[in-house]
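# Topology and contacts: notes
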Amino acid sequence: MIFKKKTAYFIAAAFCLSLLIMGCGAQGSSGSTETGKNRDMGRDDSEESPSESEIRKTVDGMLGLMVQGDFEEAESCFDSGMSKDEYWKGFYEIGNLYAILGISEEEADEEIKGKIERLEMAFKNGLIEGYEIKDVSEEEGAGTARAKIKYGFAPDGIEKFDPASVITDEMVKEAYGSNQDEILAKGTEEEQADALYAALFPALLDGMADYIEHADGAEGEWLISLHEEDGAWKVTGISMV
């Protein structure tokens, strides 16, 4: 029963992660690759104005970096206001995982840090697998791009992760048996639960990374707003439509 209480915390953490993903959709961006990680080869932009071509180039560059999992470099395509947006940063800065999962980065051992790094890579590399820029337009200095996005996993999918699919009764018994003296040395039931949770935590992190890496994909559409800043087109906002 103690472990069930702790798994509830992990489910809550998974739900928080899903909100970060959906938050990106609320402020997100759009691009130009139809499937996989390839550039869209079917487009015809011969009738685009010079400004529209530059808008397409900015969006294409941003989404291409996101497909590679390089969200930090993608910030070079943002305007000065959006690049400082803490909500956007929270979407991809995996350091927030430590707080979300209720652990201290300073106190985490090398095993835990390695598994969180793996989870980060699964998250970043799997989030956007491809894109296709559907159209771009410009009017009076304001630009808009619409893109079809191919997600590696559904934006609301992480909340469906079930820790019970990773942690079996046998694993609980083994973890308890291997750490029995340490667990029983704890003074309170809550402290004993924390010790058992710590013993099982690495398997939970692996389970979430496995889940993301093998999850079913999904598709969506992003509407990207841009404006011209210092002679270059910069992204000012992203929304899921």
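Everything below is about the structure shown above.
A brief look at the structure comes next. Keep in mind that this is a model prediction, so the values were computed, not measured.

## Describing the overall build of the chain
- Across its full length, the chain carries nine helices and four strands.
- Beginning at the N terminus, the succession of helices and strands in the chain can be written as α-α-α-α-α-α-β-β-α-α-α-β-β.
- When contacts within the chain are restricted to residue pairs at least 6 apart in sequence, those whose partners lie at least 24 apart make up 73%.
- When the accessible surface of the chain is totalled, it reaches about 12100 Å², and 48% of it is carbon and sulfur.

## Overview of the packing of helix H7 (residues 169–178) against helix H9 (residues 189–214)
- With their axes 9 Å apart at the nearest point, H7 and H9 run at an angle of 125° to one another. What the angle tells us is that H7 and H9 run oblique. Of the two possible hands of crossing, H7 and H9 adopt the one that is right-handed. Listed contacts from H9 to Met171, Val172, Ala175 and Tyr176 of H7 are Leu196, Ala199, Leu200 and Ala203.
- Here the contact of H7 with H9 is composed, by residue class, of eight nonpolar, no polar and no charged.

## Let's talk about the sheet that holds strand S1 (residues 128–139)
- Taking strand neighbours across the sheet as the criterion, the four strands line up as S1-S2-S3-S4 in an open arrangement whose pairing is antiparallel. Of all the strands in the sheet, the pair left with one neighbour each is S1 and strand S4 (232–240). Looking at each pair of strands side by side, their axes are set apart by 25° on average, direction ignored.
- Bridge count for strand S3 (residues 218–229) against S4 is eight bridges, and the pairing is antiparallel.

## Digging into unusual backbone geometry
- Phi is positive for Glu140, which is not a glycine, with a value near 55°.
- As for its position among the elements, Glu140 is in the loop between S1 and strand S2 (142–151).
- Looking at Glu140, the relative accessible area reads 77%, which means it is exposed.

## A few points about the environment of Asp109
- Among the structural elements, Asp109 can be located in the loop between helix H5 (96–100) and helix H6 (110–127).
- Reaching out from Asp109, the side chain makes a polar contact with the backbone nitrogen of Glu111 at a distance of 3.2 Å.
- Here the side chain of Asp109 touches Ile112 through a polar contact of 2.8 Å, landing on its backbone nitrogen.

## What to know about the pairing of S3
- As judged from the 10 bridges shared by S2 and S3, these two strands associate in the antiparallel manner. Bridging from a neighbouring strand, Thr144 pairs with Ser225 of S3.

## Focus: the packing of aromatic side chains
- Using the criterion set out here, one finds two aromatic pairs in the structure.
- Centroid distance Phe123 to Phe153: 6.2 Å. Interplanar angle 40°. Geometry classified as tilted. On the criterion of sequence distance, the pair formed by Phe123 in helix H6 and Phe153 in the loop between S2 and H7 is long-range, its members being 30 residues apart. Accessibility assignment for this pair places Phe123 and Phe153 in one class, buried.

## Observations regarding the pattern of salt bridges
- Summed over the entire model, instances satisfying the criterion amount to nine salt bridges.
- Between Lys115 and Asp206 there is a salt bridge, with its nearest N and O atoms 2.8 Å apart. With Lys115 in helix H6 and Asp206 in helix H9, the pair connects residues that are 91 residues apart, well separated along the chain.
- Assessed through its relative accessible area of 22%, Asp206 is described here as partly exposed.
- One salt bridge in this structure joins Arg118 and Asp210, with 2.4 Å as the shortest N-O distance.

Cut-off values and rules
Residues numbered from 1 in each chain as written. Predicted model: local features only at pLDDT ≥ 70, side-chain atom pairs only at ≥ 80, totals over all residues. Heavy atoms only, no water. Helix = DSSP H or I, 4+ residues; strand = E, 2+ residues; numbered from the N terminus. Contact = heavy atoms within 4.5 Å. Areas by Shrake-Rupley, 256 points an atom, 1.4 Å probe, with all protein chains shown as cover. Axes fitted to C-alpha atoms, helices over the stretch in contact; angles between N-to-C directions. Parallel < 35°, antiparallel > 145°, perpendicular 65-115°, else oblique. Left-handed = near helix turned anticlockwise from the far one by under 90°. Nonpolar A, V, L, I, M, F, W, Y, C, P; charged D, E, K, R; others polar. Pairing = 2+ DSSP bridges. Buried < 20%, exposed > 50% of the residue type's maximum accessible area, 1.4 Å probe, protein only. Polar contact = N/O pair within 3.5 Å; in protein donor to acceptor, adjacent residues only side chain to side chain. Phe/Tyr/Trp six-rings, centres within 6.5 Å; stacked < 30°, edge-to-face > 60°. Salt bridge = Lys/Arg side-chain N within 4 Å of Asp/Glu carboxyl O.

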